[in-house]
Amino acid sequence: MGSMTFHPEDPYHAFITTVRDPEYTEGPLSGVPVAIKDNISTSGIETTCGSAILRGYIPPYDAHVITLLRRAGAAIVGKTNMDEFGMGTTTESSAFGPTTNPNDSSRVPGGSSGGSAAAVAAGMVPYALGSDTGGSIRCPASFCGIVGLKPSYGRVSRFGLIAYANSLEQIGPMARDVSGVSRIFSVIAGHDPRDATSADRPYNHEPDSDVMDGLKIGIPDEYFGEGVDPAVRETVTGALDICSSMGAELIPCRMPSMQYSLAAYYVICTSEASSNLARFDGIRYGPAVNTKKRWHDAFSDYRHDHFGKEVRRRIMLGTFALSEGYYGRYYQKAQAARRMVREDFRRILTQVDIIAGPTMPTIAYRLGEKTKDPLQMYLADILTVPANLAGVPAISVPCGMIEKMPVGFQIMGSNFHEEAIIDAAYAFEQEMKHGR
Amino acid sequence: MADEIIIGLEIHCQLHTASKLFCGCDTDFRSDAPNTHTCPVCLGLPGSMPMLNKKAVEYALMVAKALHCEVLSECEFSRKNYFYPDLNKAYQITQYDKPLAENGHILIEGDNGEKKIRITRIHLEEDPGRSVHMGSQERGRYTLVDYNRAGIPLIEIVTEPDLRSPKEARRLLNKMRATLEYLNVFDSEAEGSLRVDANISIKGSNRVEIKNISSYKGVEKALLFEVTRQKNVIRRGLTVERETRHFLESRGVTTSSRSKEEENDYRYFPEPDLLPLQVKSWVDTIILPELPDARRERFKTRYGCFTEHAKTLTGSKKTADFFESVAGNNPALASTWIADYLLGELNYRDMSIDSVPPSHFTDLLNHLATEAITDKSGVEILRAMLDQIAEGKPIETPTAIIARLGLAKTGGDEIAGMIGDVIKENPQAVKDYYDGKKEALNYLVGQVMKKSRGRADPAQLNTLLVSRLTKEE
């Protein structure tokens, strides 16, 4: 039992809310500060999803992962900045202003879990939780030079995670190294009866660095194709060479479903989002709605005024995709494409142990560089969304620098085999640190 | 040729589970303050997730089996998206293109004998919350929302358009209610436990949907109104518009509810937070209790009930249970007295059969069986007893009521005395009798009956009076 003081300087604006004197209990993480992405419900601590529409909302309950962290003794020190409702790749769409990259504050930290990544990269906390719907843990991990894990769908309870796209997202750990990610993952993984999609697959594993020899690594051509910055391609190829020098077998493969995955991803996530975000009408929580207006006028004005532009864009896209007469053309087709992605992973992972490639096609952008053109922004998710569509685990681990900015190396594996990708990432990380 | 009426119903019934469909909140909320039976899940708080109540699925499967439906090998939940303040998440979790069960039927008493009504589908869904308008919906200053009801499990039973009259619709509902009660999955007396949407058309014309009728009688009334309205429209050479109408229970009329805001595209899609359900094999393990049709046949064979009595008695589970608890050695007497007297008296007083102590009713039947009282006295005792129950007074046994009111059947001597008095007091009637006017005898019987305050056995009285008059002539 104890309490600590947490009121750090926050030059990168990583936090929306900090808890000045967080309490903690006995346990394996006793007194360890953990930062939480602001879309994970924390009892008694304001939870906004980076949106004006939830300003002032204090959940009356803890998300399952928060219960588990508290039980392990962790101190919940604050809520980190994010793209509004997770809809972005830069953390610039937050209603609370952007977070900047600790490696270069003229650049974005990535998103949507940019605040969590920046808090870890800047050394404000050793660990943070993020959530990953289409790359939102791995992208900022890559841009900030830390490690981030998107778990298998169902391995971590989503109970209390404010939904953006339920069928795609997972809560996952972010830390400076693979051991840290593994440590937090062992606390948050496992079955929760309150999440019907949660699996009974706890994680009790110590990372093992002695796995590279004989490991079969699938290298999809598509991960090194058009749109991937040549410098990134080169850095990641270098990472693969290291794996190879450690005894891994590099096996080229194809992932033809990649051509559909981005479109399928955006149809599914916007469709689910249009439904998930419909409840924000100013009646039960968040800033109060104007009761002088008629109901339909009141809530549509309210939503226009309190949601940001990108959120409104995605709600409209999703609403359209689900409309009568369009459902078959968009939503159902997207589900068919999703099955193809899943099938590609299944096929490749019968021939190899893990799949590897870059996490992001580029290094971190400059602030404002991508905000003008949403399509350019969406294209940046091309390498991360396949894992979400397939539900498989994926980890991003730093593998080098370009223009003094970090590059992320992405490793994906079979469903519920986080152990395999964590071991591979750990072996690679140890080799980077000590081997050369 | 009469216009053919075509009716199909969508019946929403609350399942009587202990907890809500997707959370652990207690469903017994009716006597409690608003928003006291709620949690993050049924309030639809951000981040909360539905957790399916197994019991509700079991109950729904029982209904599906009782209505002879095919349970689908896989069903799934979908979101029905629309904006309304009492809809906590702005979507209702329901079932859409993969419902729990399909293709069943139920037998009803049709206008031309027994009739099979086909059931299209049965699905499970959650009830929304409830808006409480302060003042009228249009002019009220504000509206409050109560989420106690949010998440109560509902089943929606959809029939094919096989009904041909409002009366048949009413009979279907009665049969459905009885069936659900026999299954012990439904409390028909709980306020708002049943809501019906009715589709009705006159053959060859457009179909009209009447939304949200909340009583059994209301369904028949709304449909009768609509039949008349639609026939009048057609008679005037106009076209019945395809539309949705609301039933105003207080005025007994339906009104058009055309409004842009009610034209919904519900944007259904599968609920990603719930897994598809595979419960087909479960249905085989469910053993159903005795249902109304089987019980009716058993009442006829085991107790010798008349067909009409057997139908009436088994029409509600409580009535049938009551009958079996008092049938004893006099099932014939019990069935007559329940079907022909008790139910009418209860209906008149708007009382439930639960409130009648079976021991008291058995006592009454015993007095009737031994002919210690007349039928007329029996009715008087029954009424006295029901009035006491209705007024919340201590309930006397029939034995006590007989003693207090002196209702024991009169003996021969006492009747003889009364006959003497009546003959003395009504010389004109006696003269008329001797003159051959048969009605005069009825008048004299009536006078004696009046003196006995109904305690005289009518047959015995008749015999005694005739022999006395014959003797005196």
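Given the structure is predicted, the values throughout are model-derived calculations rather than measurements.

## Regarding the overall build of chain B
The number of helices and strands found in chain B is 15 helices and 14 strands. Relative to a compact globule of 473 residues, whose C-alpha radius of gyration would be 23 Å, chain B shows 29 Å and is clearly more extended. Its C-alpha atoms put chain B at 95 × 55 × 50 Å along the principal axes. By the burial criterion, 51% of the 473 residues in chain B qualify as buried. Nonlocal contacts in chain B, meaning residues at least 24 apart in sequence, comprise 69% of its contacts between residues at least 6 apart. For chain B, the exposed surface amounts to about 22,300 Å²; the carbon and sulfur share of it is 50%.

## Details of the interface of chain A and chain B
Of the residues lining the interface, 40 residues belong to chain A; the matching set on chain B comes to 32 residues. Counting each side, the surface lost to burial between chain A and chain B is near 2,900 Å², with a carbon and sulfur contribution of 59%. Three residues stand out in chain A for area buried against chain B, namely Ser275(A), Arg279(A) and Arg284(A), and they jointly supply 20% of the buried area on that side. Summed over the shared surface of chain A and chain B, the number is one salt bridge. Close ionic contact of Asp273(B) with Arg158(A) constitutes a salt bridge, the shortest N to O distance being 2.9 Å. Counting residues per element, the ones that place at least two in the side of chain A that touches chain B are helix 6 (258–276), helix 7 (295–306) and helix 8 (309–322) of chain A. For the side of chain A that touches chain B, the class distribution of residues is 19 nonpolar, twelve polar and nine charged.

## Overview of the packing of helix 8 (residues 331–349) of chain B against helix 9 (residues 358–369) of chain B
Residue and element names in this part refer to chain B. Two elements in contact, helix 8 and helix 9, have axes separated by 10 Å at closest approach and are oriented at 115°. Overall, the two elements helix 8 and helix 9 adopt an arrangement that is roughly perpendicular. Here the hand of the crossing between helix 8 and helix 9 comes out right-handed. Counting all contacts with helix 8, which are made through Leu-333, Ala-334, Trp-337, Ile-338 and Leu-342, the residues of helix 9 involved are Phe-361, Leu-365, Leu-368 and Ala-369.

## Section: the packing of aromatic side chains
Under the criterion given, the structure shown has 29 aromatic pairs over all chains. On the basis of an interplanar angle of 40° and a centroid distance of 4.6 Å, the ring pair of Phe320(A) and Tyr326(A) is categorised as tilted. Exposure remark for Phe320(A): the relative accessible area of 37% places this residue in the partly exposed category. For the pair Tyr96(B) and Tyr268(B), a centre-to-centre distance of 3.7 Å together with 5° between the ring planes defines the contact as stacked. With Tyr96(B) in the loop between strand 4 (91–94) and strand 5 (101–110) and Tyr268(B) in the loop between strand 13 (253–256) and strand 14 (269–270), this residue pair connects regions lying 172 residues apart in the sequence. Aromatic ring contacts, followed pair by pair, group Tyr57(A), Phe85(A), Phe280(A), Tyr285(A) and Phe307(A) into a single cluster. Here the guanidinium or amino end of Lys80(B) rests over the ring plane of Tyr266(B), the centre of that ring lying 4.4 Å away. Above the plane of the ring of Tyr216(B) lies Arg177(B), whose end atom (NZ or CZ) is 4.2 Å from the centre.

## Quick notes on the environment of Ile106(B)
All names here are of chain B. Note on placement: Ile-106 falls in strand 5. The class of Ile-106 is buried, set by a relative accessible area of 5%. On a C-alpha basis, the gap between Ile-106 and Leu-172 in space is 8.1 Å, while along the polypeptide they are 66 residues apart. The contact partners of Ile-106, leaving out residues within four places of it in the chain, are Leu-67, Lys-115, Lys-116, Ile-117, Ile-119, Leu-172, Lys-175, Met-176 and Thr-179.

## So, empty space enclosed by the protein
All names here are of chain B. Taken as a whole and assessed by the stated rule, the structure comprises four cavities of 30 Å³ or more. Looking at the largest cavity, it is lined by 15 residues, and the ones nearest its centre are Phe-22, Val-41, Pro-50, Lys-89 and Ile-93. Tallied by class, the residues present in the lining of the largest cavity amount to eight nonpolar, three polar and four charged.

## Focus: the confidence of the model for chain B
On average, chain B scores 91 in pLDDT, and the residues at 70 or more come to 97%. Interface predicted TM-score (ipTM) for the complex: 0.95; the corresponding pTM is 0.91.

## Overview of the domain arrangement of chain A
A common way to report how large an interface is uses the accessible area buried once the components associate. Residue and element names in this part refer to chain A. Split by domain assignment, chain A resolves into domain 1 (2–252 + 347–435) and domain 2 (261–330). Each of domain 1 and domain 2 was reduced to a C-alpha centroid, and the two centroids are 26 Å apart. Taken together, the contacts link 27 residues of domain 1 with 24 residues of domain 2. The largest contributions to the domain 1 side of the interface with domain 2 come from Ile-53, Met-87 and Tyr-378, which together make up 32% of the buried area. At the boundary of domain 1 and domain 2, one finds zero salt bridges. Of all elements in the fold, only helix 10 (374–379) and helix 11 (385–390) reach the threshold of two or more residues within the side of domain 1 that touches domain 2.

## Quick notes on the layout of surface pockets
Over the atoms rolls a probe the size of a water molecule, and in doing so it shows where empty space is left. Residues and elements named next belong to chain B. In this structure, the second largest pocket spans a volume of roughly 1,600 Å³. Around the second largest pocket sit 43 residues that line it, and Arg-170, Asn-174, Arg-177, Gly-315 and Ser-316 are the ones nearest its centre. Counting only elements with at least two residues in the lining of the second largest pocket, the list comes to strand 5, helix 2 (166–182), helix 3 (216–235), helix 5 (292–303), helix 6 (307–314), helix 7 (317–326) and helix 8. At seven residues, the largest contribution of residues to the lining of the second largest pocket is made by helix 2. Here the residues of the lining of the second largest pocket sort into twelve nonpolar, 14 polar and 17 charged.

The rules behind each value
- Residues numbered from 1 in each chain as written.
- Chains lettered and ligands numbered in written order.
- Predicted model: local features only at pLDDT ≥ 70, side-chain atom pairs only at ≥ 80, totals over all residues.
- Heavy atoms only, no water.
- Helix = DSSP H or I, 4+ residues; strand = E, 2+ residues; numbered from the N terminus.
- Rg over C-alpha atoms; globule rule 2.2 N^0.38 Å.
- Buried < 20%, exposed > 50% of the residue type's maximum accessible area, 1.4 Å probe, protein only.
- Contact = heavy atoms within 4.5 Å.
- Areas by Shrake-Rupley, 256 points an atom, 1.4 Å probe, with all protein chains shown as cover.
- Buried area = accessible area lost by both parts, 1.4 Å probe.
- Salt bridge = Lys/Arg side-chain N within 4 Å of Asp/Glu carboxyl O.
- Nonpolar A, V, L, I, M, F, W, Y, C, P; charged D, E, K, R; others polar.
- Axes fitted to C-alpha atoms, helices over the stretch in contact; angles between N-to-C directions.
- Parallel < 35°, antiparallel > 145°, perpendicular 65-115°, else oblique.
- Left-handed = near helix turned anticlockwise from the far one by under 90°.
- Phe/Tyr/Trp six-rings, centres within 6.5 Å; stacked < 30°, edge-to-face > 60°.
- Lys NZ or Arg CZ within 6 Å of the ring centre and 35° of its normal.
- 1 Å grid on protein atoms, 1.4 Å probe; cavity = no way out; pocket = protein on both sides within 12 Å on 5 of 7 lines; lining within 4 Å.
- Points joined across faces, edges and corners; volume = space filled by probe spheres on them.
- pLDDT = per-residue confidence, 0-100.
- Domains from an automatic or database assignment.

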